[in-house]
Amino acid sequence: MNIGILIIAHAPIASALRAGVLHVFPDAAQGISALDVPPNEPTEATAATARLMLSQLNTPNTLVLTDIFGATPCNVAQKVVDGVHSRLVAGVNLPMLLRTVNYRQEPLDVLVARALAGGIQSIMQVAVTAPQNQPRKPHDQHHNDHSQ
(Lines give C-alpha, C1' and ligand atoms only; values in the text may rest on other atoms or scores of the structure.)
Protein backbone atom coordinates (compact mmCIF):
# COMPACT_ATOMS: atom_id res chain seq x y z
CA MET A 1 0.00 0.00 0.00
CA ASN A 2 1.21 3.51 -0.75
CA ILE A 3 2.35 5.86 1.98
CA GLY A 4 0.14 8.90 2.49
CA ILE A 5 1.64 12.36 2.16
CA LEU A 6 0.48 15.39 4.13
CA ILE A 7 1.95 18.78 3.27
CA ILE A 8 1.65 21.39 6.02
CA ALA A 9 2.92 24.82 5.02
CA HIS A 10 2.23 28.53 5.15
CA ALA A 11 -0.79 29.47 3.04
CA PRO A 12 -0.93 28.97 0.05
CA ILE A 13 2.30 26.96 -0.31
CA ALA A 14 0.88 23.55 0.67
CA SER A 15 -1.95 23.73 -1.87
CA ALA A 16 0.39 25.05 -4.55
CA LEU A 17 2.83 22.18 -4.01
CA ARG A 18 -0.01 19.66 -4.13
CA ALA A 19 -1.29 21.20 -7.38
CA GLY A 20 2.21 21.03 -8.84
CA VAL A 21 2.63 17.36 -8.04
CA LEU A 22 -0.85 16.51 -9.33
CA HIS A 23 0.12 18.14 -12.62
CA VAL A 24 2.74 15.39 -12.98
CA PHE A 25 0.95 12.58 -11.11
CA PRO A 26 -2.81 13.22 -11.52
CA ASP A 27 -3.70 9.74 -10.22
CA ALA A 28 -2.05 10.47 -6.85
CA ALA A 29 -4.75 12.87 -5.62
CA GLN A 30 -6.23 10.56 -2.98
CA GLY A 31 -2.88 9.94 -1.29
CA ILE A 32 -1.77 13.57 -0.95
CA SER A 33 -3.33 16.18 1.31
CA ALA A 34 -2.38 19.81 1.80
CA LEU A 35 -2.94 21.97 4.85
CA ASP A 36 -2.39 25.68 4.29
CA VAL A 37 -1.69 27.31 7.63
CA PRO A 38 -3.27 30.78 7.71
CA PRO A 39 -1.68 33.58 9.72
CA ASN A 40 -2.97 34.06 13.25
CA GLU A 41 -4.78 30.70 13.51
CA PRO A 42 -4.30 29.10 16.94
CA THR A 43 -1.78 26.26 16.86
CA GLU A 44 -4.21 23.81 18.46
CA ALA A 45 -6.85 24.49 15.82
CA THR A 46 -4.31 23.81 13.08
CA ALA A 47 -3.13 20.66 14.88
CA ALA A 48 -6.71 19.40 15.12
CA THR A 49 -7.15 19.92 11.38
CA ALA A 50 -3.84 18.14 10.71
CA ARG A 51 -4.90 15.15 12.84
CA LEU A 52 -8.17 14.93 10.93
CA MET A 53 -6.36 15.10 7.60
CA LEU A 54 -3.94 12.36 8.69
CA SER A 55 -6.84 10.07 9.53
CA GLN A 56 -8.60 10.88 6.25
CA LEU A 57 -5.55 9.75 4.28
CA ASN A 58 -6.46 6.27 5.56
CA THR A 59 -2.97 4.81 5.14
CA PRO A 60 -0.94 2.85 7.69
CA ASN A 61 2.04 5.19 7.21
CA THR A 62 2.27 8.89 6.42
CA LEU A 63 5.08 11.23 5.47
CA VAL A 64 4.45 14.80 6.64
CA LEU A 65 6.32 17.53 4.79
CA THR A 66 6.58 21.12 6.03
CA ASP A 67 8.12 24.24 4.59
CA ILE A 68 10.30 25.78 7.33
CA PHE A 69 11.81 24.11 10.38
CA GLY A 70 10.81 25.95 13.54
CA ALA A 71 7.88 27.81 11.97
CA THR A 72 4.24 27.22 12.89
CA PRO A 73 3.54 24.53 10.23
CA CYS A 74 6.52 22.49 11.42
CA ASN A 75 5.61 23.01 15.08
CA VAL A 76 2.08 21.78 14.34
CA ALA A 77 3.44 18.77 12.47
CA GLN A 78 5.68 17.88 15.41
CA LYS A 79 2.55 17.63 17.57
CA VAL A 80 0.77 15.20 15.23
CA VAL A 81 3.63 13.00 13.96
CA ASP A 82 4.25 9.92 16.08
CA GLY A 83 7.67 8.92 14.69
CA VAL A 84 6.48 5.34 14.09
CA HIS A 85 3.64 5.42 11.57
CA SER A 86 4.35 8.97 10.48
CA ARG A 87 7.57 10.87 9.88
CA LEU A 88 8.32 14.55 9.44
CA VAL A 89 10.64 16.27 6.98
CA ALA A 90 11.02 20.06 6.92
CA GLY A 91 12.17 22.11 3.93
CA VAL A 92 9.81 20.70 1.32
CA ASN A 93 10.28 21.70 -2.29
CA LEU A 94 8.61 20.44 -5.46
CA PRO A 95 11.42 18.07 -6.54
CA MET A 96 11.36 16.49 -3.06
CA LEU A 97 7.61 16.06 -3.28
CA LEU A 98 7.77 14.59 -6.79
CA ARG A 99 10.31 12.05 -5.61
CA THR A 100 8.22 11.05 -2.61
CA VAL A 101 5.14 10.53 -4.77
CA ASN A 102 7.12 8.51 -7.27
CA TYR A 103 8.50 6.18 -4.56
CA ARG A 104 5.69 6.15 -1.99
CA GLN A 105 5.26 2.38 -2.26
CA GLU A 106 8.61 1.93 -0.48
CA PRO A 107 8.97 1.58 3.32
CA LEU A 108 8.64 4.80 5.31
CA ASP A 109 12.33 4.96 6.30
CA VAL A 110 13.42 4.55 2.68
CA LEU A 111 10.93 7.18 1.57
CA VAL A 112 12.29 9.67 4.10
CA ALA A 113 15.81 9.10 2.73
CA ARG A 114 14.56 9.56 -0.84
CA ALA A 115 12.74 12.75 0.11
CA LEU A 116 15.88 14.21 1.69
CA ALA A 117 18.02 13.24 -1.30
CA GLY A 118 15.48 14.63 -3.77
CA GLY A 119 15.33 17.94 -1.97
CA ILE A 120 19.07 18.32 -1.64
CA GLN A 121 19.99 17.11 -5.12
CA SER A 122 17.54 19.51 -6.75
CA ILE A 123 19.25 22.59 -5.35
CA MET A 124 22.01 23.79 -7.64
CA GLN A 125 23.41 26.84 -9.26
CA VAL A 126 22.59 26.86 -12.96
CA ALA A 127 25.14 28.23 -15.39
CA VAL A 128 23.89 31.02 -17.59
CA THR A 129 26.73 30.54 -20.06
CA ALA A 130 24.87 28.02 -22.21
CA PRO A 131 25.10 28.90 -25.92
CA GLN A 132 21.39 29.69 -26.20
CA ASN A 133 21.81 32.36 -23.50
CA GLN A 134 24.68 34.19 -25.14
CA PRO A 135 24.22 37.30 -27.27
CA ARG A 136 25.04 36.86 -30.93
CA LYS A 137 28.38 38.05 -32.07
CA PRO A 138 28.44 40.36 -35.09
CA HIS A 139 30.36 37.79 -37.15
CA ASP A 140 27.78 35.01 -36.65
CA GLN A 141 26.74 33.94 -40.14
CA HIS A 142 23.91 31.63 -39.09
CA HIS A 143 20.89 33.14 -37.45
CA ASN A 144 19.18 29.99 -36.27
CA ASP A 145 17.06 30.77 -33.26
CA HIS A 146 16.70 27.18 -32.21
CA SER A 147 19.05 24.94 -30.34
CA GLN A 148 19.24 21.18 -30.36
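Scroll up for the structure.
Residues numbered from 1 in each chain as written. Predicted model: local features only at pLDDT ≥ 70, side-chain atom pairs only at ≥ 80, totals over all residues. Heavy atoms only, no water.

What follows is about unusual backbone geometry. Negative phi values dominate among residues other than glycine, just as trans dominates among peptide bonds. Cis geometry marks the peptide bond from alanine 11 to proline 12, where omega comes out at 0 degrees. In this structure, proline 12 sits in the loop between strand S1 (4-10) and helix H1 (13-24). Notably, asparagine 40 is not glycine yet its phi reads approximately 70 degrees, a positive angle. Its place among the elements puts asparagine 40 in the loop between strand S2 (32-37) and helix H2 (43-57). Assessed through its relative accessible area of 79%, asparagine 40 is described here as exposed. If you check the backbone angles, asparagine 58 has positive phi at about 55 degrees while not being a glycine. As for its position among the elements, asparagine 58 is in the loop between H2 and strand S3 (62-66). (Helix = DSSP H or I, 4+ residues; strand = E, 2+ residues; numbered from the N terminus. Buried < 20%, exposed > 50% of the residue type's maximum accessible area, 1.4 Å probe, protein only.)

Let's shift gears to helix H4 (residues 94-102). Where H4 is concerned, the buried positions are Met96, Leu97, Thr100 and Val101. Projected down its long axis, H4 shows its buried positions confined to an angular sector of 130 degrees, all on one face. Structurally, H4 contributes buried residues whose contacts are with S1, H1, S2, S3, strand S4 (86-90) and helix H5 (108-121). In this structure asparagine 93 caps H4, since a side-chain oxygen of it lies 2.8 Å from the backbone nitrogen of methionine 96. (Arc of directions from axis to C-beta. Contact = heavy atoms within 4.5 Å. Polar contact = N/O pair within 3.5 Å; in protein donor to acceptor, adjacent residues only side chain to side chain.)

What follows is about the nonpolar core. In terms of nonpolar packing, the biggest core is built from 22 residues, with Ile5, Ile7, Ile32, Leu63, Leu65, Leu97 and Val101 touching the most fellow members. Counting residues per element, the ones that place at least two in this core are S1, H1, S2, S3, H4 and H5. When sequence neighbours within four positions are dropped, the list of residues in contact with leucine 63 reads Ile3, Gly4, Ile5, Leu6, Arg87, Val89, Thr100, Leu108, Leu111, Val112 and Ala115. Formed by 14 residues, the second largest nonpolar core is a distinct cluster that contains Leu6, Leu35, Ala47 and Val80. (Core = buried A, V, L, I, M, F, W, Y, C linked by side-chain atoms within 4.5 Å.)

It is worth spelling out helix H3 (residues 72-80) at this point. For H3, the set of buried residues is Pro73, Cys74, Val76, Ala77 and Val80. Each buried residue of H3 lies within a common arc of 160 degrees when the element is viewed along its axis, so the set occupies one face. On its buried face, H3 sits against S1, S2, H2, S3 and S4.

Summed over the entire model, instances satisfying the criterion amount to 0 aromatic pairs. The lysine or arginine in question, arginine 114, covers the ring of tyrosine 103, its NZ or CZ lying 3.8 Å from the ring centre. (Phe/Tyr/Trp six-rings, centres within 6.5 Å; stacked < 30°, edge-to-face > 60°. Lys NZ or Arg CZ within 6 Å of the ring centre and 35° of its normal.)

What follows is about the pairing of S3. Every other side chain in a regular strand lies on the same face of the sheet, so the side chains alternate between the two faces. Burial runs high along S3: 5 of the 5 residues are buried. Here S3 shows two buried faces, one formed by Thr62, Val64 and Thr66 and the other by Leu63 and Leu65. As paired strands, S1 and S3 are joined by 5 bridges and run parallel to one another. In the strand pairing of S3, isoleucine 7 is matched with leucine 65. Bridge analysis of S3 against S4 gives 5 bridges, and the strand direction is parallel. Residue pairing in the sheet places leucine 63 in a bridge with arginine 87 of S4. Crossover handedness for the path S3 to H3 to S4: right-handed. (Pairing = 2+ DSSP bridges. Right-handed = clockwise from strand over helix to strand, strands pointing away.)

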